[in-house]
Amino acid sequence: MKISYNWLRTLIKTDLTPQQIDEYLTSSGLEVEGIETFESVKGGLKGIVVGEVIEKEKHPDADKLSITKVNVGAAELLNIVCGAPNVAAGQKVLVAMIGAKLYPTTGEPFEIKKSKIRGAASEGMICAEDEIGLGTSHDGILILPDHATVGTPAGDFFKLEQDHVLEIGLTPNRADAASHYGVARDLAAILNCKNNTTTFCAEMHNIFELPEASNINKVEITIENPDACKRYSGLVISGITVKPSPDWLKNSLLAIGLRPINNIVDITNFVLHDLGQPLHAFDLNKITGNKIIVKTGLEKKKFKTLDGAERTLNANDLMICNESEPMCIAGVFGGLDSGVSESTTSVFLEAAYFNPDFIRRTGKQHGLKTDSSFRFERGTDPEMTINALKRAAALIFECAGGVLSMDLIDIYPEKLEPFKVAFSYTNCQELIGKEIDRAIIKHIILSLGIIIEQEGNDGLLLAVPQYKTDVTREADVIEEVMRIYGYNNVEESTQIKFTANFADREKATAAENTTANLLIGFGFNEMIGLSLTKETYYTDNAALVKIVNPLSSDLNVMRNTMLFGGLETIAYNINRKQADLKFFEFGKTYQKTDATEGFKYAETKHLTLFITGRKYAENPYNENNKIDFAFIKSCIESILHKLSVTYKISDLDDDQFSYGLSYVHKKNHLVSFGLIDKVICKKMDVNAETFYADFNWDNILALVGKTKLEFTEIPKFPVVRRDLALLLDKKITYKELEELAFNSERKLLKSVNLFDIYEGDKLQAGKKSYAVSFMLQDEEATLNDKQIDNVMQKLIKTYTEKLGAVLR
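Just so it is clear, the structure is predicted and the values come from calculations on it, not from any experiment.

Reading the values: rules and limits
Residues numbered from 1 in each chain as written. Predicted model: local features only at pLDDT ≥ 70, side-chain atom pairs only at ≥ 80, totals over all residues. Heavy atoms only, no water. Helix = DSSP H or I, 4+ residues; strand = E, 2+ residues; numbered from the N terminus. Rg over C-alpha atoms; globule rule 2.2 N^0.38 Å. Buried < 20%, exposed > 50% of the residue type's maximum accessible area, 1.4 Å probe, protein only. Contact = heavy atoms within 4.5 Å. Areas by Shrake-Rupley, 256 points an atom, 1.4 Å probe, with all protein chains shown as cover. Lys, Arg positive; Asp, Glu negative; His and termini not counted. Charge placed at Lys NZ, Arg CZ, Asp CG, Glu CD. Pairing = 2+ DSSP bridges. Axes fitted to C-alpha atoms, helices over the stretch in contact; angles between N-to-C directions. Salt bridge = Lys/Arg side-chain N within 4 Å of Asp/Glu carboxyl O. Core = buried A, V, L, I, M, F, W, Y, C linked by side-chain atoms within 4.5 Å. Parallel < 35°, antiparallel > 145°, perpendicular 65-115°, else oblique. Left-handed = near helix turned anticlockwise from the far one by under 90°. Expected span 1.5 Å × (residues − 1). Polar contact = N/O pair within 3.5 Å; in protein donor to acceptor, adjacent residues only side chain to side chain.

(A) A look at the overall build of the protein. Across its full length, the protein holds 19 helices and 40 strands. Against the globule reference of 28 Å for 808 residues, the protein gives a C-alpha radius of gyration of 39 Å, more extended than a compact globule. Taking all 808 residues of the protein together, the buried fraction comes to 48%. Contacts spanning at least 24 positions in sequence make up 69% of the contacts within the protein whose residues lie at least 6 apart. Total accessible area on the protein stands at roughly 41100 Å², and carbon and sulfur atoms take up 48% of it. Placing the 92 positive and 112 negative side-chain charges of the protein at their respective mean positions leaves the two points 6 Å apart.

(B) Unusual backbone geometry, seen in detail. The phi dihedral of Lys-577 falls on the positive side, at around 65 degrees, and the residue is not glycine. Relative to the helices and strands, Lys-577 is located in the loop between helix H14 (563–574) and strand S31 (581–592). One non-glycine residue with positive phi stands out, namely Ser-644, at about 60 degrees. Take Ser-644: its relative accessible area is 23%, and that puts it in the partly exposed class.

(C) Just the sheet that holds strand S33 (residues 648–651), in detail. Reading across the sheet, the seven strands line up as S28-S31-S32-S36-S35-S34-S33 and stay open at both edges, with mixed pairing between neighbours. Every other strand in the sheet has two partners, leaving strand S28 (525–526) and S33 as the edge strands with one partner each. By the bridge criterion, eight bridges tie strand S34 (residues 657–665) to strand S35 (residues 668–676) in an arrangement that is antiparallel. Each residue of the ladder has a partner; that of Gly-660, found in S35, is Gly-674. Packing against the sheet, H14 makes contact with S31, strand S32 (601–612), S35 and strand S36 (690–696), and its axis sits at approximately 150 degrees to S31. Together, S33 and S34 form the strand contacts of helix H18 (residues 734–744), whose direction differs from that of S33 by roughly 135 degrees.

(D) Representation of the pattern of salt bridges in the model. Summed over all chains, the structure comprises 40 salt bridges. Of the charged contacts in the structure, one is a salt bridge between Glu-689 and Lys-626, with a shortest N-O distance of 3.8 Å. Remark: Lys-626 occurs in the loop between S32 and helix H15 (629–642) and Glu-689 occurs in the loop between helix H16 (678–683) and S36; sequence separation between them is 63 residues. Each of the salt bridges in this network shares a partner with another, and the network as a whole consists of Arg-174, Asp-176, Asp-186, Lys-468, Glu-480 and Arg-483.

(E) Focus on the nonpolar core. Counting residues in hydrophobic clusters, the biggest one holds 80 residues, and the most contacted among them are Leu-25, Leu-187, Ile-264 and Phe-423. At nine residues, the largest contribution of residues to this core is made by helix H4 (residues 180–195). In this view, Leu-187 contacts Leu-8, Ile-12, Leu-16, Ile-21, Tyr-24 and Leu-25; residues no more than four positions away in its chain are not counted. Counting 63 residues, the second-largest nonpolar core is a separate cluster that includes Leu-609, Ile-627, Ala-693 and Phe-695.

(F) Summary view of the environment of Pro-244. Relative to the assigned elements, Pro-244 resides in the loop between strand S15 (229–238) and helix H5 (247–255). For the pair Pro-244 and Ile-264, spaced 20 residues apart in sequence, the C-alpha separation works out to 8.9 Å. For Pro-244, the residues in contact, after removing those within four places along its chain, are Lys-250 and Asn-263.

(G) Broad picture of the pairing of S32. For S32, the tally of buried residues reaches nine of twelve residues, placing the bulk of the element in the interior. Summarising the sheet, S31 and S32 pair through twelve bridges and their orientation is antiparallel. Opposite Lys-592, over in S32, you have Tyr-601 as the bridge partner. Two elements, S32 and S36, share seven bridges in a ladder whose sense is antiparallel. Its bridge partner lying in S36, Thr-612 is registered against Thr-690.

(H) Up close: the packing of H18 against helix H19 (residues 785–803). At a minimum axis distance of 10 Å, the contact between H18 and H19 shows a crossing angle of 130 degrees. Compared by their axis directions, H18 and H19 come out oblique. H19 is crossed by H18, and the crossing has right-handed handedness. Of the residues in H19, those in contact with Glu-736, Leu-737, Leu-740, Ala-741 and Ser-744 of H18 are Lys-794, Leu-795, Thr-798, Tyr-799, Lys-802 and Leu-803.

(I) How the structure looks around helix H6 (residues 263–275). The end-to-end C-alpha distance of H6, which contains 13 residues, comes to 18 Å, matching closely the 18 Å that a straight helix rising 1.5 Å per residue would cover. The element H6 is extensively covered by neighbouring structure, given that eleven of its 13 residues are classed as buried. Its side-chain oxygen placed 3.1 Å from the backbone nitrogen of Ile-264, Asn-262 serves as the N-cap of H6. Within two residues after H6, Gly-276 carries a phi angle of roughly 85 degrees, on the positive side.

(J) Structural detail: the side chain of Thr-515. Relative to the helices and strands, Thr-515 is located in helix H13 (residues 507–521). Overall, the relative accessible area of 2% leaves Thr-515 in the buried class. Setting aside its immediate chain neighbours within four residues, Thr-515 contacts Phe-586, Leu-607, Ile-639, Leu-643 and Trp-697.

(K) Local environment of the side chain of Asp-186. Here Asp-186 shows up in helix H4. For Asp-186, a relative accessible area of 0% puts it in the buried group. A polar side-chain atom of Asp-186 sits 2.9 Å from a polar atom in the side chain of Arg-483. The residues contacting Asp-186, other than those within four sequence positions of it, are Ser-28, Leu-30, Arg-174, Asp-176, Leu-448, Lys-468, Arg-483 and Ile-484.

This is the structure in structure tokens:
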């Protein structure tokens, strides 16, 4: 939000410099992010002075050039070559001196240098208006009136305005400071606090009583939805002339980054930034039936806004309508056909208090952000509408003429009362950590516009105005006192107080840290994704937790899975030439559950892994360095072993994976992992094979510390490994392979491991290939070839007869 220094000083009497105001406001929570200098003409016409052409003669080597001698108030006349056809002796002109930097109306800035033009020396430039940003004409040089004094700086002659603009990073809770008046009110409170006085105050200017209305015009106002529109005020001014605004008004708006349009529109914008109350001006002749109807319920109706876009209205969009059609999206954006134009002679001026929920919802649904909606959706002051109309009416009379042709109408069915807050000095001291003089506290409270209704021995009964939308409790008032008093004015304590806690480290934190350290050792990086995601990622929306007022359509649901956020990160990195990626993330997913279970929503903690590209950095010693199923499987088993969590292997039935496995403990799911389905990867703009693991971390934590560790003697005799590549029907699960293996050989078979899965075009339809390893060991002797062959033949026979397996 931009605040003009000159404008601010019209609302509060102070000689503080912009830098001092910066310091005071920032210390009070209105952080000033920067100060810029504004000039009504860019460059401020520095280096340009009033000169008088003393002599003029034709250039001997150029038909269209003249050689002039110009008096600029210096000891000697300047020789200047000029190409303008209208230059003549005796003229008062603007002269850009050597070294001056000019900012033309169009084109890039340039610097004046001493030069020779067709052999003639030129010691400056006689300027046209477009060459220095004063206009658009380039027909000739700008000729000044005779009374102009030679040597006068051009900035002084034209009385250019200079200003300093403070850029304030306004937080969403500070709707009360969304105007120059609101900032002036805070500054007054700071100065009263520092000086222990109440002499400083923010003053509204030109809030005069309205003149007597002729009432030759009449507009009937009806509020059909009083919940959406709590207050609506309006008046009519006739006989106006729509024209460009005076310079002071244009410069005020330009300083804060607004483009002047015409005097009526500029006045409504000025009052908005002056007092924080949005206004809207309707052309009275376009209000059909002379009726204003404030209502909702125009679902699916087409409406064309000021930007020319046709929008489809929603049922909850609050609209300002005439007798036959909508004219404006209330508090957000005006209509194309009802605004002020050059032919407008009468205006209906509106000031209202709209329910922030309606404005916020409408703005987001239509993707509209305006200065008005910015304030309405945060909460304006319902008591400001009348003053804002009076201020605007006075400015219209001044800048556009006209008379009041309909008296002010104010519809305020149910007055919005101030928040009642009981304030205790003792609680204030305890919360701040310092005893502040009670007189200073009262000065702060009164300066912020809060009314003291009653006063007791230890406290106050306060009436907090509605514009303080975030001050509804005692703690909020104490925070207001603290920020105005100054956080830096509370001394650091000389004591440190703490409660010793000898409890064991929290199991969940310890498990996360152990796992994170292990994964970092494997080359992973931790990522933190958003809990908000895009609804269109999901095919089944029944379980999605939807956001009522989403920031955008890309962030309109809570994530049901962490897969899509991870793939977004993978795609982002791959698109920036980072192809070898290993990520892990701890986070939650959110689901809507069956209400019969006694609750409506559920949160589940997860750990996810994402791997793509190479296992290790490219080097000459690793021929097969590509990430594969075995790698992610080894990472998962290392985590489970590190946490002493036992598991059994189960087949995976999940459309997110092309293939993979699932580990369970009894009936509790622990982790699913495998290669992400190509369709999903393509949808997320990931063209590389990506492996994914999804731990149910809640189930993992439930098992951490529950397994009793057992130690066994290190075997004296070696383990023998044998591998089989089996061609199987797709319906056969790895669990069946494992169970048959241990049923066939109970003594020598120590473990079975699936280390590769292949499903491709080279296999028969309905078939898949499993590569399985078998670890054999005799604890009493070294195994010989005959024993090993007997075991393997037994396994092959079992798989062939019972599963129809074929050795590859």
